[in-house]
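One letter stands for each residue in the lines below.
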Amino acid sequence: MTENRPLPYRLREPFLTTVELALFRLLVEIMGGRYAVLPKVALNDIFYIVRPNENVHFFNKIFRKHIDFLLCDQKSMKPRFGVEIVKPATKDSMRIADKFMEELFLDAGLPLIQIPSNDEYKATDIISLFQVAMTKVEATTPLRLNNKDSVPNCPKCGKMMVLRIQRNGTRANKIYYGCIDNPHCEGVVTIE
Ligand SMILES: [Zn+2]
């Protein structure tokens, strides 16, 4: 039987909270040249479960959950970073849910940047957190260091490179790779 009543769906407002929107804008500003910034991506769309029949419990852990932002390579749309806003926690008392997210991303080899909830974000703080997350992933998966697609080696000395942020000039707030041996080595790779 057809009814004339409209379907019971309404548009949620706002789509992003004030805090999410502030972080979204900053992520687009500093990473947008290289990465697409996607808000609210279902974990189920990023990860799959091996041997799903044996691992139902692990499926339930990610089902209906999402990451605040997924940063994907602009060209291939391959996931590169997860960004999650977390409640500020003391050093020893990371919330169980945040701990699980950290392990999940780390095991799958995707850096997860956990950013304490704040009204205002600073580009330099965000970049430091990206560096921490990338270092963690690289420390647990040495093979990933050979992946030229993620982090380049220094064109001058061949050492590892780290994400840095341009402090001033026309490229202020833009990220680039700098040699880990800076200031001894001035090797840089720009990110377009
Ligand atoms: Zn170098």
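Criteria and thresholds
- Residues numbered from 1 in each chain as written.
- Predicted model: local features only at pLDDT ≥ 70, side-chain atom pairs only at ≥ 80, totals over all residues.
- Core = buried A, V, L, I, M, F, W, Y, C linked by C-beta atoms within 7 Å.
- Buried ≥ 20, exposed ≤ 12 C-beta atoms within 10 Å, placed from the backbone.
- Helix = DSSP H or I, 4+ residues; strand = E, 2+ residues; numbered from the N terminus.
- Contact = placed C-beta atoms within 7 Å.
- Domains from an automatic or database assignment.
- Nonpolar A, V, L, I, M, F, W, Y, C, P; charged D, E, K, R; others polar.

1. Considering the nonpolar core
Leu27, Met31, Phe69, Leu71, Val83 and Ile113 are the most contacted members of the largest nonpolar core, which has 25 residues in total. Elements supplying a minimum of two residues to this core: α1 (18-31), β1 (35-42), β2 (66-73), β3 (79-86), α4 (96-108), β4 (112-116) and α5 (123-140). Examining the composition of this core, we find that 5 residues originate from one element, α1, more than from any other. Setting aside residues up to four positions removed in sequence, isoleucine 113 forms contacts with Phe81, Gly82, Val83, Leu129, Phe130 and Ala133.

2. Focus: the domain arrangement of the protein chain
Assigned domains within the protein chain: domain 1 (18-140) and domain 2 (151-192). The gap between the C-alpha centroids of domain 1 and domain 2 is 23 Å. In this complex, domain 1 contributes 11 residues to the contact, which on the side of domain 2 involves 8 residues. Breaking the side of domain 1 that touches domain 2 down by element, the ones donating at least two residues are α1 and α5. The biggest single contributor to the side of domain 1 that touches domain 2 is α5, with 6 residues. Among the residues making up the side of domain 1 that touches domain 2, the classes are represented as 6 nonpolar, 3 polar and 2 charged.

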